[in-house]
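# Residue-level structural notes
Letter by letter, the chains look like this.
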Amino acid sequence: MELKKTYPVSWVVMQNTIQECFKSMSIDEKRLLILASPIARTMDATEKDAITITSEEFAKECGIKTNSAYSQMEEASKSLLRRYFSYGDNKKKTYCNWVIRAIYENGAISICFPDEVLLMLKEFDKLNPYTKYKKDIVLSLKKDYSFDLYHLAKKHQAMGHFEMSLEHIKSELGLPKSYDKLCNLKDRVIKPSLDEITKNTDINLTYENVKKGRSVVGFKFTVKEKTKPKLIASERDQKTIDMFCKLSDAQINKYSSILSRVSDISDLSTFPTYDAFALWIANILRDPKSVREETAKRIFTALHQYTDFK
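None of the values given here were measured: they were computed from a predicted structure.

Procedures and definitions
Residues numbered from 1 in each chain as written. Predicted model: local features only at pLDDT ≥ 70, side-chain atom pairs only at ≥ 80, totals over all residues. Heavy atoms only, no water. Helix = DSSP H or I, 4+ residues; strand = E, 2+ residues; numbered from the N terminus. Rg over C-alpha atoms; globule rule 2.2 N^0.38 Å. Buried < 20%, exposed > 50% of the residue type's maximum accessible area, 1.4 Å probe, protein only. Contact = heavy atoms within 4.5 Å. Areas by Shrake-Rupley, 256 points an atom, 1.4 Å probe, with all protein chains shown as cover. Core = buried A, V, L, I, M, F, W, Y, C linked by side-chain atoms within 4.5 Å. Pairing = 2+ DSSP bridges. Axes fitted to C-alpha atoms, helices over the stretch in contact; angles between N-to-C directions. Parallel < 35°, antiparallel > 145°, perpendicular 65-115°, else oblique. Nonpolar A, V, L, I, M, F, W, Y, C, P; charged D, E, K, R; others polar. Left-handed = near helix turned anticlockwise from the far one by under 90°.

### With respect to the overall build of the chain
A tally of regular secondary structure across the chain gives 12 helices and 10 strands. For a compact globule of 310 residues, the expected C-alpha radius of gyration is about 19 Å, and the chain comes in at 21 Å, within 12% of that figure. When its C-alpha atoms are laid out on the principal axes, the chain stretches across 60 × 55 × 50 Å. Residue burial in the chain is summarised as follows: out of 310 residues, 47% are buried. Considering only contacts in the chain between residues 6 or more positions apart, those separated by 24 or more positions represent 63%. In the structure as shown, the chain presents an accessible area of about 16,700 Å², 50% of it carried by carbon and sulfur atoms.

### Considering the nonpolar core
Met-14, Trp-98, Phe-113, Ile-169, Ile-190 and Phe-221 are the most contacted members of the largest nonpolar core, which has 63 residues in total. It is helix H2 (residues 27-42) that provides the largest number of residues to this core, a total of seven residues. Non-local contacts of Met-14, meaning those with residues more than four positions away in its chain, are made with Phe-22, Leu-33, Ile-34, Ser-37, Met-120, Leu-121, Phe-124, Tyr-130, Thr-131 and Tyr-133. By size, the runner-up hydrophobic cluster in this structure holds 21 residues, among which are Leu-259, Val-262, Leu-268 and Phe-277.

### Quick notes on the pairing of strand E4 (residues 93-97)
Every regular strand shows the same layout, with side chains that alternate between the two sheet faces. Relative to E4, strand E3 (residues 84-88) runs antiparallel, the two being bridged by five bridges. Bridge assignment links Phe-85 to a residue of E4, and that residue is Cys-96. Hairpin geometry of E3 and E4 is characterised by an intervening segment of four residues between the two adjacent antiparallel strands.

### Re the packing of helix H10 (residues 249-259) against helix H12 (residues 293-306)
Between H10 and H12, the shortest axis-to-axis distance is 10 Å and the interhelical angle comes to 95°. Relative to H12, the element H10 lies roughly perpendicular. On H12, the residues touching Tyr-255, Ile-258 and Leu-259 of H10 are Ile-299, Ala-302, Leu-303 and Tyr-306. A breakdown of the residues in the contact of H10 with H12 according to their chemical character gives seven nonpolar, no polar and no charged.

### Some words on the sheet that holds strand E8 (residues 161-165)
Across the sheet, which stays open at both edges, the three strands sit in the order E8-E10-E9 with antiparallel pairing between neighbours. A single partner strand is all that each edge strand has here, and the edge strands are E8 and strand E9 (203-212). Adjacent strand axes in the sheet meet at a mean angle of 25°, parallel and antiparallel pairs treated alike. In terms of strand pairing, E9 meets strand E10 (residues 215-225) through 10 bridges, oriented antiparallel. Across the sheet, the residue bridging to Lys-212 is Ser-215, located in E10. The strands touched by helix H7 (residues 146-155) are E8, E9 and E10; relative to E9, the strand with the most contacts, the crossing angle is about 90°.

### Let's talk about the packing of helix H8 (residues 166-173) against helix H9 (residues 182-200)
Contact pair H8 / H9: the axes reach a minimum separation of 12 Å and the direction vectors enclose 45°. Between H8 and H9, the interaxial angle falls into the category oblique. The crossing of H8 and H9 is left-handed. Residues Leu-166, Ile-169 and Leu-173 of H8 lie in contact with H9, whose contacting residues are Leu-182, Leu-185, Val-189 and Ile-190.

Written as structure tokens, this is what we have:
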């Protein structure tokens, strides 16, 4: 039986299907969902359970003024009450509101979500692919489309890149007709969002044109995890785990498989299967410099603690 993964409250974890529904939402609607995500997960919320967020929390987490936080939350929750999505096919299609009810009281908003939304905030496995990121990092973003592009980048971070056609970008971000012009799309959406993501988050996100003949038909995005400044030798802890030990291919295959099931590093996984997570770990065991030092250190610490490697 496969153990259910758990994540701390500092992490936002959402099924990838939620990204498809994000389009056209305001930044405050997205903020409400992001703040509700770890609460719903850790309390194992049902439709009857209200998830409460105070205006003080909203202001602090999102870096906005407290005196405007409550009105922003109220408008966002009202929009979510009116908003709906659908699933199914031509034979049977179900329409569902994002929020069942919202209660406004004492400077706080309590929201009840339907089962369909709670599923996207609580269930993560190979049947329900998901993406995770640090809550404080994503909430540092202020531009409307930075949220969406950051989510897409984190979804594809293990691959290091992803491509999208112009039509797919417009559809995915729910862009209005005014962005049909390539210059508007680049100058008002892509460049400012990527600049903000690169400046404020844990990744560098860049793009280049994808052409067919002379025409630009899409963009290729490159995702790179930021590296932390390296300590000079005298500042290093003498007990620092050796991250440059030589492992054979056989050892890498053996230990990456074991480590993929170690709960202490399960929060590093954004992968639908243990095999995919093991492949990512194997690449780090071969080349620790391919990721942030903190990430590599956690992998090698687990290698020494949970395997017979000496």
